[in-house]
Amino acid sequence: MSLLQVLRVAVLAILRNAMRSFLTVLGIIIGVAAVITMVALGEGAQAQVSARFSAMGADLLVLRSGSTRQGGVRGGAGSSLSLSWDDLEAIRTQVPSAQYVAPLLRLNAQVLSEEQNWACSINGTSPEYFDIQEWKLGAGEPFSEVHLSAGAQVAVLGATVADQLFGYQVDPVQQSIRIRNVPFTVLGVLQEKGQSAMGQNADDVVLIPYTTFNKRLERRSQQFVAGEIYVKAVAGKSSECSRAITMLLRERHQLQPGEEDDFSVRDLAEIASARQEGVQTFSLLLASIAAVSLLVGGIGIMNIMLVSVTERTREIGLRMAVGARPVDILSQFLIESMVLSLTGGILGVGLGFFASQRLAEQFQWAMPINPDIIGVAMGFSALVGIVFGIYPAWKASRLDPIEALRHE
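Note that the structure is predicted; figures quoted are calculated from it, not measured.

## What to know about the environment of H253
- The residue H253 is located in the loop between α8 (238-252) and β12 (263-267) in this model.
- When neighbours within four sequence positions are excluded, H253 is seen to be in contact with S82, L83, D87, D262 and F263.
- At 3.4 Å, the side chain of H253 and the backbone oxygen of S82 are in polar contact.

Laid out in structure tokens, this is it:
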């Protein structure tokens, strides 16, 4: 018999018991669909993590003051002020790999316009912060070094704050707002940035010059930075920049070898990489669990093929009696097993596409389906058909024709 004839006989045998065949390949369908969906979910999550960290700016370092320690009581990072404004200036002038340097001072306060009010984060910073965050303006302009030097009462609004205070119909630029009863003039509105890597609304913010923040809102000491220092390194040199800043600050703070740093330097690229590795590991775990369904489906195929051999014993004996060779019987049942598993694989791919699209709508992020994963899933399902179909096919090919014809 030719391969085409063997394939035709196999397909007819499967269609003869369509419902049983469908139930047999259900495990393969679920397994392939689960593998495709889990891998798509994992890749979508990794892309989402990358997008959120990219939104914060590439090659970004965040410096914070050290922790306090009094007796047995220890405070967290930033609880002790150790980073001075002179440190910030030294980083700007003495670390070549530091492209932009800006402070970030924070407080939460109520912001008032003529008709509305809104509670949000008030951030005191410098003009370089816009370059660090790669943050463009949707309207107006950012504050400048002139505003910074003069301690001007000017502000740039995040998209959420602008919408809450002025709505969609009013242009906020040159409008007046009040923060802690201090009047500010709105210079511009930032483009929408969305959710930050830390899960916060990055648009729910008001940016003002840090000199104005210190003098008019907080009246803090002018010696130390009561917040964080953001540093954007030259492209691809965040690790080098981190080491240079650490050496410079240790020298300036007169820390001895072996003495603990009184500051911390966080490389967001490393944090993003660690998160992506965690997501990838979790995705592989889920895909591995889903692959177990393929093995279960393979066992189901083997069982039903053994039943089929028993049911068709007389048919096998008759074919052998008219000249079919053992290899013809072997190939027939092996092809039946492969057709079953590949049919389940094709249906599983369709189900995986559907499930991925539904999850993408639910989580509101893209879930790309890698063609390689489809190829691997289909190849694995075919392999399952071969592996679990060999024994039933071999058993059928080893039947004695005379005994098979006598089978009831």
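From this point, the narrative continues.
## Considering the environment of P127
- With respect to the helices, strands and loops of the structure, P127 is situated in the loop between β5 (117-125) and α4 (128-132).
- In this structure the C-alpha to C-alpha distance between P127 and A102, which are 25 residues apart in sequence, comes to 7.7 Å.
- Contact partners of P127, with chain neighbours within four places excluded, come to F143, S144, E145 and L148.

## Some thoughts on the side chain of T37
- Looking at where T37 falls in the secondary structure, it is placed in helix α2 (residues 18-55).
- Of note is the side chain of T37, whose polar atom sits 2.7 Å from the backbone oxygen of A33.

## Brief notes about unusual backbone geometry
- With a phi angle near 70°, Q174 is a residue other than glycine that sits in the positive phi range.
- Within the secondary structure, Q174 is located in the loop between α6 (159-166) and β8 (176-179).
- Phi at N181 takes a positive value of approximately 70°, unusual for a residue other than glycine.
- Within the secondary structure, N181 sits in the loop between β8 and β9 (182-190).
- In this structure N181 comes out as exposed when scored by relative accessible area, which is 60%.

## Some words on the packing of helix α11 (residues 326-363) against helix α12 (residues 371-397)
- At a minimum axis distance of 7 Å, the contact between α11 and α12 shows a crossing angle of 150°. Considering the angle they form, α11 stands roughly antiparallel to α12. Our pair here, α11 against α12, has a crossing hand that is right-handed.
- Its residues assigned to classes, the contact of α11 with α12 comprises 19 nonpolar, seven polar and no charged.

## Side note on the packing of aromatic side chains
- Per the counting criterion, the structure on display carries four aromatic pairs.
- Between F130 and F143, the ring centres sit 5.4 Å apart and the planes meet at 70°, which makes this aromatic pair edge-to-face. On the criterion of sequence distance, the pair formed by F130 in helix α4 and F143 in the loop between β6 (137-140) and α5 (145-150) is long-range, its members being 13 residues apart.
- A centroid spacing of 6.3 Å and a plane angle of 25° characterise the contact between Y391 and W394, whose relative ring orientation is stacked. Here the residue Y391 and the residue W394 both occupy positions in helix α12, the gap between them amounting to three residues, near one helical turn.
- The exposure class of Y391 is partly exposed, given its relative accessible area of 43%.
- For W394, a relative accessible area of 46% puts it in the partly exposed group.
- Note that K193 overlies the ring of W135, its terminal NZ or CZ placed 5.0 Å from the centroid.

So, how was this worked out
- Each chain carries its own residue numbering, running from 1 in the direction its sequence is written.
- At least 70 in pLDDT is required for a residue's local features to be given in this predicted model, at least 80 for side-chain atom pairs to be given and counted, and no such filter applies to totals for whole chains, interfaces and linings, which use all residues.
- The side-chain quantities take in all heavy atoms of the structure and omit both hydrogens and water.
- Every helix listed is a DSSP run of H or I at least four residues long, and every strand listed is a run of E at least two residues long, numbered separately from the N terminus.
- Contacts between residues were defined by any pair of non-hydrogen atoms, one from each residue, lying within 4.5 Å.
- Whenever two N or O atoms come within 3.5 Å, that pair is a polar contact, provided that in protein one can donate a hydrogen and the other can accept it, and provided that, for residues adjacent in sequence, both atoms are side-chain atoms.
- Residue exposure (1.4 Å probe, protein chains only): buried if accessible area is under 20% of the type maximum, exposed if over 50%, otherwise partly exposed.
- Helix axes are fitted only over the stretch in contact, all axes being lines through C-alpha atoms; the angle between N-to-C directions runs from 0 to 180 degrees.
- Orientation categories follow fixed angle ranges, with anything under 35 degrees roughly parallel, anything over 145 roughly antiparallel, 65 to 115 roughly perpendicular, and all other angles oblique.
- In this scheme the handedness of a crossing depends on how the near helix is turned from the far one: anticlockwise by less than a right angle means left-handed, clockwise means right-handed.
- Residues are sorted three ways: Asp, Glu, Lys and Arg are charged, Ala, Val, Leu, Ile, Met, Phe, Trp, Tyr, Cys and Pro are nonpolar, and all the rest, Gly among them, are polar.
- Within 6.5 Å between ring centres, the rings of Phe, Tyr and Trp (the latter by its six-membered ring) count as paired, and their orientation is classed by plane angle as stacked under 30 degrees, edge-to-face over 60, tilted in between.
- Note on criteria: charge over ring means Lys NZ or Arg CZ within 6 Å of the ring centre, with the direction from the centre no more than 35 degrees off the ring normal.

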